[in-house]
Amino acid sequence: MKKIAIFASGNGTNFEAIADNIDKGILDAKIELLVVDQKKAKVIEKGLSRNIETLVLRPKDFESKAEYEKTILKRLKEKDVEWIILAGYMRIVSNVLLDAYENHIINIHPSLLPDFRGLDAIGQAYAAHSPRMGVSIHYVDSGLDTGRVIAQEGFDVNPEWSKDECEMKIHQIEHVLYTNTLKKLWENE
Ligand code: GAR
């Protein structure tokens, strides 16, 4: 069983999907810690209601990003966390965590990378009238959505779809693809 931490900043639907799949026995993992960098994020309630230890820390309350990450790292080590799973964590990970978790930090991004990196990838693709959209799961490095891609799933965009419809489709894919990708990754270890 893999000991994981999930990092999130917002609604936490991907956190919920992973937690549900663990509860159903689909994914052999335990969420040791939920790390949230926004005090008002909806994901906090979702973590607490599942009795998952939830650490809410704002980087701006620390002297530097390194100090913020060192505080997180200490908790991760106390809990023997092996993998960091970013699920809507809207922040670049820096060296403190990257060095401690080399090739053990995974992210989900709502575009077919390398297209539409960074914030509001769905909005970027929609504004560009991209004929295809999708989801990527990738290793995290020091860049913005630049790490090696592990899995992708795309779909043809119906030009009549609204941005909300595209977003709904992307979330549907995310909630299945993240679990399936982690499952395969860990089975092959
Ligand atoms: C997801 O669509 C995820 O791919 C995206 O944030 C959303 C979080 O939703 N992540 C990024 O854009 C990272 N660059 P959620 O909070 O409901 O899981």
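You'll find the structure just up there.
The text that follows walks through the structure, step by step, so that each part is easy to find. Model, not experiment: these values are computed from the prediction.

**Description of the site of the ligand**
Then comes step 1: If you check the shell around the ligand, you find N11, G12, T13, N14, G88, M90, I108, H109, P110, D145, H171 and E174 and nothing else.
Then comes step 2: Burial of the ligand by the protein chains amounts to 89% of its free accessible area of 450 Å².
Then comes step 3: Looking at the shell around the ligand, the elements that each hand over two or more residues are α1 (13-23), β5 (105-109) and α6 (163-187).
Then comes step 4: Its residues assigned to classes, the shell around the ligand comprises 3 nonpolar, 7 polar and 2 charged.

**Comments concerning the side chain of S111**
Then comes step 1: Among the secondary structure elements, S111 is positioned in the loop between β5 and α5 (121-127).
Then comes step 2: A relative accessible area of 2% places S111 in the buried class.
Then comes step 3: With residues near it in sequence (within four places) discarded, S111 still touches F116, A121, G134, V135 and S136.

**Digging into the nonpolar core**
Then comes step 1: Core analysis: the largest hydrophobic core is formed by 38 residues, its most contacted members being I4, I6, I18, I85, I106, Y178 and W186.
Then comes step 2: Per-element accounting of this core gives the leading share, 8 residues, to α6.
Then comes step 3: Among residues more than four places away in sequence, those in contact with I4 are I18, I22, A29, K30, I31, E32, L33, V81, W83, I85 and W186.
Then comes step 4: Counting residues in hydrophobic clusters, the runner-up holds 21 residues, among them A5, V35, V81 and L98.

Definitions and cut-offs
Position numbers for residues start from 1 in each chain and track the written sequence from start to end. Whole-chain, interface and lining totals are the exception, using all residues; otherwise, since this is a predicted model, local features are given only for residues with pLDDT of at least 70 and side-chain atom pairs are given and counted only at 80 or more. Side-chain numbers here rest on the full set of heavy atoms in the structure, without hydrogens or water. The rule for a residue being near a molecule or strand is that one of its heavy atoms must lie within 4 Å of it. Computed by Shrake-Rupley with a 1.4 Å probe, the accessible areas treat only the displayed protein chains as cover when residues are assessed. For helices the rule is a DSSP run of H or I covering at least 4 residues; for strands it is a run of E covering at least 2, with both sets numbered from the N terminus onward. Gly falls in the polar group here, along with every residue not listed as nonpolar (Ala, Val, Leu, Ile, Met, Phe, Trp, Tyr, Cys, Pro) or charged (Asp, Glu, Lys, Arg). Buried means the residue's accessible area, taken with a 1.4 Å probe over protein chains only, is under 20% of the maximum for its type, while exposed means over 50%, and partly exposed covers the values in between. What makes two residues a contact is simply this: any of their non-hydrogen atoms within 4.5 Å. Remark: nonpolar core denotes a set of buried residues (Ala, Val, Leu, Ile, Met, Phe, Trp, Tyr, Cys) joined through side-chain atoms within 4.5 Å.

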